[in-house]
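Remarks on the overall topology
In case you want the letters, here they are:
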Amino acid sequence: MNKLFIILSISISLLLAGCGMNQQKKEGSPNGETVTLTHSLGTIDVLKNPQRVVVLDYSALENLDFLGIKPVAIPKSNLPSHLRKYGDDPSIVDVGSITEANLEKINEVNPDLIIMGGRIIDFYNQLSGIAPVLYPQITDADDYMAAFEKNLNDLALLFDKQDEVDIALEGVRKKVEEVNEVTSGSDAKALILLHNRGRFSAYGSGSRFGMVHDVLGVRETVEGLEVHRHGNPVSSEFVQKTNPDILFIVDRSMVVDKAILDKAEVENKLIQQTNAAKNSKIYYLSPEMWYLAGGGITSLNIMIDEVAQAFN
């Protein structure tokens, strides 16, 4: 009986130890260490190295991808092509789109952390009832680069990835500096247009695409444009009269409506009268990077390169 009791005691101890290890793995840090993160909507305490992360923003997904962190759930609708592997992974749950959260599915995956984007801000309180929510805001930020660096540094702290993040940030800073050296010596003025079903919206400094001016130092064709998320509706006559030297165009129709870009429609007779058209300085920026993502390590590097090409 004593021998049987000892065997049973050891078996139970091993079972409990295994359960404890599994629980630690699920919760993240083996010693229960937490990280405090502050964002524009509040402050959260998250267990370090959370295992079950739901990501509702493609810029944040880029950053997690760079750090080698696999989420348990993402919105797979309109997923950018450079993140397609997550859409094809059946082990990652589809929780809707970046504009509408499927709260039921998010709750079902039992997340340790939810990372959301600005398009889904109305769901913040509901999401906070499920798990701690991090809002890595960058769009319309007063200081784009400071916001970008904070977002990466928050993840570095959370997942013990500071060395990787430091190297990445140094590379971005170097790129920005190199582009500014060129743009500071150029008198060329640019206008940023969002194209959607034959209509234009213009964006300037401080806007969602304002990093062209605010970070990369490109001169503005039109100063003082109001900062609206959906831009300032403008006509082809407006573009012709303001006469930009460079036109940067983001085609929303391509990523939202899956429409094929008709350059003849965009570059109509009035647009053809601009210096940009006459000097072959019309550039179609990647809408996946600029419109769908736009604040992650992958998209920012590509965005910098796309602006720099106008000054080569």
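Okay, the pattern of salt bridges next. Summed over the entire model, instances satisfying the criterion amount to 9 salt bridges. With a closest N to O distance of 2.7 Å, K150 and D154 form a salt bridge. Residue K150 and its partner D154 are located together in helix α6 (residues 144-159), separated by 4 residues, close to a single helical turn. The exposure class of D154 is buried, given its relative accessible area of 11%. Residue D257 pairs with R197 through a salt bridge whose shortest N-O separation is 2.9 Å. Residue D257 is found in the loop between α10 (252-256) and α11 (263-266), and its partner R197 is found in the loop between β8 (189-196) and β9 (199-203); the two are separated by 60 residues along the sequence. Among the charged side chains, a network of salt bridges with common partners joins E33, K48 and D160.

Our focus in this paragraph is the side chain of D89. Of note, D89 is situated in the loop between α3 (84-87) and β5 (93-94). Judged by relative accessible area, D89 falls into the buried class, the value being 19%. In this structure, D89 is in contact with K70 and K76, ignoring residues within four places of it in sequence.

Here we take up the nonpolar core. If you look at the biggest cluster of nonpolar residues, it comprises 67 residues, and the most contacted ones within it are F148, M211, F248 and W290. No other element matches the 9 residues that α6 contributes to this core. Every residue in contact with F148, bar those within four places of it in the chain, is listed here: I138, L169, V172, G295, G296, I297 and L300. In this structure, I106, M116, F123 and Y124 belong to the second largest nonpolar core, which totals 17 residues.

With 89% of its residues at a pLDDT of 70 or more, the protein chain has an overall mean of 89. Segment residues 1-27 is flagged for pLDDT under 50; beyond a separation of four residues in sequence, or across chains, it makes 8 contacts in the model.

A few words on the pairing of β9. When you tally the buried positions in β9, you get 4 out of 5 residues, the bulk of the element. Bridge analysis of β8 against β9 gives 5 bridges, and the strand direction is antiparallel. Of the residues in β9, the one forming a bridge with H195 is F200. Where β8 folds back on β9, the antiparallel hairpin that results is connected by 2 residues, among which R197 adopts a positive phi of roughly 55°. Pairing of β9 with strand β11 (residues 232-234), which is carried by 3 bridges, proceeds in the antiparallel orientation. By the bridge assignment for β11, A202 is matched with N232.

Cut-offs and rules
The residue numbering used here restarts from 1 in each chain and proceeds along that chain's sequence as written. Only residues with pLDDT of at least 70 get local features here, since the model is predicted, and only at 80 or more are side-chain atom pairs given and counted; chain-wide, interface and lining totals rely on the full set of residues. Hydrogen atoms and water are omitted, and side-chain values are computed over all heavy atoms in the structure. Salt bridges are identified by distance alone: a Lys or Arg side-chain nitrogen within 4 Å of an Asp or Glu carboxyl oxygen. Helix and strand assignments follow DSSP, with helices taken as H or I runs no shorter than four residues and strands as E runs no shorter than two, numbered in order from the N terminus. Three exposure classes are used, based on accessible area relative to the maximum for each residue type with a 1.4 Å probe and protein chains only: buried under 20%, partly exposed in between, and exposed over 50%. Pairs of residues are marked as contacts when any of their non-hydrogen atoms sit within 4.5 Å. Side-chain atoms within 4.5 Å link the members of a nonpolar core, which is a set of buried Ala, Val, Leu, Ile, Met, Phe, Trp, Tyr and Cys residues. Each residue carries a pLDDT score, the predictor's confidence in it, ranging from 0 to 100. Think of it this way: DSSP has to see at least two bridges between two strands before they count as a pair.

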